[in-house]
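# Architecture and fold: a report
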Amino acid sequence: SQQGEEDPQALSIQEGENATMNCSYKTSINNLQWYRQNSGRGLVHLILIRSNEREKHSGRLRVTLDTSKKSSSLLITASRAADTASYFCARGRMDSSYKLIFGSGTRLLVRP
Amino acid sequence: NAGVMQNPRHLVRRRGQEARLRCSPMKGHSHVYWYRQLPEEGLKFMVYLQKENIIDESGMPKERFSAEFPKEGPSILRIQQVVRGDSAAYFCASSPQGLAGGTDTQYFGPGTRLTVL
């Protein structure tokens, strides 16, 4: 499958701890985007990282991209209960970057 | 600036009926994408449209499904003769530049949850 894997599938942490989610893929990409989805809701765009970038920050979020290993990670620092959600990485392929390919997501639970 | 709007948010249909899902992109966006999400899964690309043009419909089932984005009005995803397997959440996204922009962030709507009885 070209969708790749996200791990872990589920993650439960205490408020204040850091959460790390990983995303691996198989085909060459143009960009990689991370989204958050609260239960039963739409997707909220978090960060886009291009294939020629290695790291990006946005507030408490840090995304890394290793194209040699075909993997990316999302780090949420000092987590809050409101961070509880599913997190998806979506890859834009080289030949059709608009056609985002989503993994099955990581379900994060932040316990107060 | 209003985000991507979708309606209805919830839609119930009986087998054999038609489902029409609407999507209004963000202001200034002329590129629309439809995705389908089954329970506990990620989103799967269905179709990419610009005004009056279908750019890529490679993810759309060949039968019963169609999409349009007319010059005026919202984009419509139409499912004819629905079956239980069509039950899913359907998300629309929009972007300002699409292909011309190269790397383009897609902004998602809240989705329409279709239930087929």
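What this report covers is the structure whose coordinates are included nearby. Computed from a prediction, not measured in an experiment: that's the story for all the values here.

### Some remarks on unusual backbone geometry
- Put simply, D7 of chain A and P8 of chain A share a cis peptide bond, and its omega is -5°.
- Mapped onto the elements of the fold, P8 of chain A is located in the loop between β1 (5-7) and β2 (10-14).
- Residues other than glycine seldom take positive phi values, yet K70 of chain A does so here, at roughly 50°.
- Mapped onto the fold, K70 of chain A is located in the loop between β7 (61-66) and β8 (71-76).
- Residue K70 of chain A is classed as partly exposed on the basis of its relative accessible area of 28%.
- If you check the backbone angles, E52 of chain B has positive phi at about 65° while not being a glycine.
- Judged by its relative accessible area of 56%, E52 of chain B falls in the exposed class.

### Comments concerning the side chain of Q6 of chain B
Residue and element names in this part refer to chain B.
- Relative to the helices and strands, Q6 resides in strand β1 (residues 5-7).
- At a separation of 3.0 Å, a polar atom in the side chain of Q6 contacts the main-chain amide nitrogen of C92.
- In this structure the side chain of Q6 is engaged in a polar contact, spanning 2.9 Å, whose partner is the backbone nitrogen of G111.

### Brief notes about the pattern of salt bridges
Residue and element names in this part refer to chain B.
- Enumeration according to the criterion identifies seven salt bridges over all chains in this entry.
- Across the salt bridge formed by R20 and E18, the nearest N and O atoms sit 2.8 Å from each other.
- When its relative accessible area of 37% is taken as the criterion, R20 is described as partly exposed.
- Owing to a relative accessible area of 29%, E18 belongs among the partly exposed residues under this scheme.
- Residues D86 and R64 are paired through a salt bridge, measuring 2.7 Å at the closest nitrogen-oxygen approach. Taken together, the positions of D86 in the loop between β8 (75-79) and β9 (88-95) and R64 in the loop between β6 (53-56) and β7 (65-68) put the pair 22 residues apart, joining distant regions of the chain.
- Note on D86: relative accessible area 3%, which makes it buried.
- Residue R64 is classed as partly exposed on the basis of its relative accessible area, which comes to 24%.
- Among the charged side chains, a salt-bridge network with shared partners connects E18, R20 and R78.

Scoring rules and cut-offs
Residues numbered from 1 in each chain as written. Chains lettered and ligands numbered in written order. Predicted model: local features only at pLDDT ≥ 70, side-chain atom pairs only at ≥ 80, totals over all residues. Heavy atoms only, no water. Helix = DSSP H or I, 4+ residues; strand = E, 2+ residues; numbered from the N terminus. Buried < 20%, exposed > 50% of the residue type's maximum accessible area, 1.4 Å probe, protein only. Polar contact = N/O pair within 3.5 Å; in protein donor to acceptor, adjacent residues only side chain to side chain. Salt bridge = Lys/Arg side-chain N within 4 Å of Asp/Glu carboxyl O.

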